[in-house]
Amino acid sequence: KAAFDWQDPLAFRNLLTEEELAISETAERYCQERMLPRVLQAYRDEHYDPKILQEMGELGLLGASIDGYGCAGVSSVAGAMITRAVERVDSGYRSGMSVQSSLAMGGIYEFGTEEQKERFLPEMAKGKLLGAFGLTEPNHGSDPGSMESVARPHPTKKGYYSLSGAKTWITNSPIADVLLVWAKLKETGKIRGFLVERKDCPTGTLSTPAIKDKNGLRASITGMIQMDDCPVPAANMFPDVEGLKGPFSCLNSARYGISMGVLGALEDCIARARTYALERKQFKGNPLAKYQLVQKKLADAVTDCAFGTLASIQVGRLKDEGKAVPEMISMVKRQNCDAALRNSRVLQEIFGGNAVSDEYHIGRHVANLYVTQTYEGQSDIHSLILGRAITGVQAFC
Ligand code: TGC
Ligand code: FAD
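Everything numeric here is computed off the predicted structure, so don't read it as measured data.

Chemist: Now, about the nonpolar core: what can you tell me, with residues and values included?
Modeler: Membership of the largest hydrophobic core comes to 30 residues, with the highest contact counts inside it found for Val262, Leu266, Ile270, Leu347, Ile350, Phe351 and Ile362. Only α6 (245–279), α7 (292–320), α8 (326–348) and α9 (362–374) provide two or more residues apiece to this core. Leaving out residues up to four positions away in the same chain, Phe351 has contacts with Arg272, Ala273, Tyr276, Tyr360 and Ile362.

Right, here's the structure in full:
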């Protein structure tokens with residue numbers, strides 16, 4: 001007999017294959033048993049342990065949607081279920097993984113030469129070689145097309161480019177071995193992708209200082225990429241892709257992953273708020289859960305989470321059939337990030353003063369979800385991408 005399941009009210013699990021369910025369970029078990037116990041201290045100390053990526057690599061959870069090169073080759077929906085499980089613990093842990101899997105490995109897989117793929121992907125899949133993705137600059141965030149980073153033919157080293165410029169707010173940059181940097185080729189003015197290997201950069205040409213004292217995403221590591229005539233072999237440039245199509249193609253996968261990931265964070269907020277509302281008593285010994293205003297907060301959050309999940313699954317299926325367009329991804333990224341942030345802020349109220357203690361976890365999710373609404377295209381930017389597609393009129397500038 002069918003029954004209402006508040007944890008899966010529209011039965012999204014019925015839409016998953018056996019393999020997707022198994023991957024989801026493996027990721028869920030790892031995240032709850034190994035990640036959750038360390039997140040509170042990591043967040044307090046603003047510390048990211050790179051061993052997490054190695055542990056995920058051992059379970060085949062990195063670059064999981066990539067076919068070959070030591071990667072699992074699973075469906076987009078399975079990949080999204082991994083992000084959901086990780087983000088149920090913390091958006092920062094999901095960030096570290098998304099950058100490794102979708103942005104760095106995904107970029108190399110989509111645009112790299114065969115030699116680049118063989119050289120980087122297997123070690124990155126194991127989490128032994130760490131990646132970062134440098135698009136945003138201090139003066140150019142929403143508008144990366146105006147970037148100032150530049151690549152010139154190296155004046156003394158034949159077969160090398162010389163990269164100069166600065167990237168900021170770059171997840172994983174302080175710990176990355178290989179940094180996928182987008183810069184304009186001096187000769188053409190066109191944006192190109194370069195794989196900058198830290199070990200090969202002479203002293204003083206590359207630095208990646210951490211950005212400290214963040215208000216959110218404290219369990220991930222974020223930094224700058226500062227390049228001062230940094231020599232990069234021409235063989236480390238992506239050969240064929242030029243223009244914003246390169247970085248934005250990588251962003252399609254990462255934005256899709258976020259659309260499902262943030263619902264993991266929202267699920268955690270719902271479960272914690274429900275438990276708290278059932279246990280906490282106010283006014284004549286009644287649990288908070290008895291009050292209609294509290295029930296509405298839970299009903300809104302559970303509904304948005306269920307609707308968002310179905311929409312993300314549909315976009316994932318279309319993506320694997322080659323029928324997804326970037327606007328669909330903008331739609332689910334924007335909608336689910338906004339819904340997760342809005343609902344988590346409302347659910348936080350159920351905890352009253354206790355929400356201020358980090359041991360209740362909800363404040364950490366709220367702070368993190370602000371960031372997810374901002375990076376990979378702030379929600380208003382996605383509104384403009386959708387508005388352009390709806391009206392045919394561009395409203396960015
Ligand atoms: P626009 O004229 O729209 O496009 C320029 C060229 O790019 C192509 N393109 C895409 N290609 C593939 N996928 C997409 N999603 C694409 N979007 C655009 C487009 O077809 C065109 O190609 P071509 O061949 O005609 O030249 O460019 P615009 O300069 O007007 O762009 C405007 C806008 C606002 C859409 C864009 O700049 C934008 O999306 N801004 C947001 C910036 C952003 O998302 N940054 C993300 C940085 S990375 C990050 O945040 C990682 S956080 C990781 C973590 O920790 O999880
Ligand atoms: P701005 O572009 O200055 O925008 C500020 C506000 O103005 C936003 O609300 C925006 O929506 C609005 N706005 C801008 N233009 C318009 C317009 N035309 N019309 C209406 N409103 C507009 N980047 C990377 O490249 N790699 C990473 O790994 C990475 N990781 C990150 C990790 C963290 C923790 C954070 C906080 C950011 C990260 N980013 C990364 C950067 C992120 O992508 C940018 O912060 C984001 O794209 C917004 O750019 P901005 O911060 O410069 O804001």
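Chemist: Any details on the pattern of salt bridges? Residues and values, ideally.
Modeler: Under the defined criterion, the tally for this structure stands at 25 salt bridges. With a closest N to O distance of 2.5 Å, Glu87 and Arg94 form a salt bridge. Judged by relative accessible area, Arg94 falls into the buried class, the value being 1%. Between Lys323 and Glu321 there is a salt bridge, and its shortest N-O distance comes to 3.5 Å. Since its relative accessible area comes to 52%, Lys323 is described here as exposed. In the salt-bridge network here, residues are joined through shared partners; they are Glu115, Arg119, Glu197, Lys199 and Asp200.

Chemist: Could you give an account of the side chain of Asn236, naming the residues involved and the relevant values?
Modeler: Relative to the helices and strands, Asn236 resides in the loop between β9 (222–233) and α6. Relative accessible area serves as the criterion here: at 2%, Asn236 is assigned to the buried category. At 2.9 Å, the side chain of Asn236 and the side chain of Arg119 are in polar contact. The contact partners of Asn236, leaving out residues within four places of it in the chain, are Gln116, Arg119, Gly193, Phe194, Leu195 and Glu197.

Chemist: Provide a residue-level description of the site of ligand 2, including the pertinent values.
Modeler: The full set close to ligand 2 counts 18 residues, and Phe133, Thr136, Ser142, Trp169 and Phe396 are the nearest of them. Within the side chain of Gln378, a nitrogen or oxygen atom sits 2.9 Å from an oxygen atom of ligand 2. About the coverage of ligand 2: the protein hides 67% of its 980 Å² of free accessible area. Put simply, the parts of the chain that give the shell around ligand 2 at least two residues each are β5 (160–171), α9 and α10 (379–391). A breakdown of the residues in the shell around ligand 2 according to their chemical character gives ten nonpolar, six polar and two charged.

Thresholds applied
- Residues numbered from 1 in each chain as written.
- Chains lettered and ligands numbered in written order.
- Predicted model: local features only at pLDDT ≥ 70, side-chain atom pairs only at ≥ 80, totals over all residues.
- Heavy atoms only, no water.
- Core = buried A, V, L, I, M, F, W, Y, C linked by side-chain atoms within 4.5 Å.
- Buried < 20%, exposed > 50% of the residue type's maximum accessible area, 1.4 Å probe, protein only.
- Helix = DSSP H or I, 4+ residues; strand = E, 2+ residues; numbered from the N terminus.
- Contact = heavy atoms within 4.5 Å.
- Salt bridge = Lys/Arg side-chain N within 4 Å of Asp/Glu carboxyl O.
- Polar contact = N/O pair within 3.5 Å; in protein donor to acceptor, adjacent residues only side chain to side chain.
- Near = heavy atom within 4 Å.
- Areas by Shrake-Rupley, 256 points an atom, 1.4 Å probe, with all protein chains shown as cover.
- Nonpolar A, V, L, I, M, F, W, Y, C, P; charged D, E, K, R; others polar.

Don't take any of this as a statement about function, it's just geometry.
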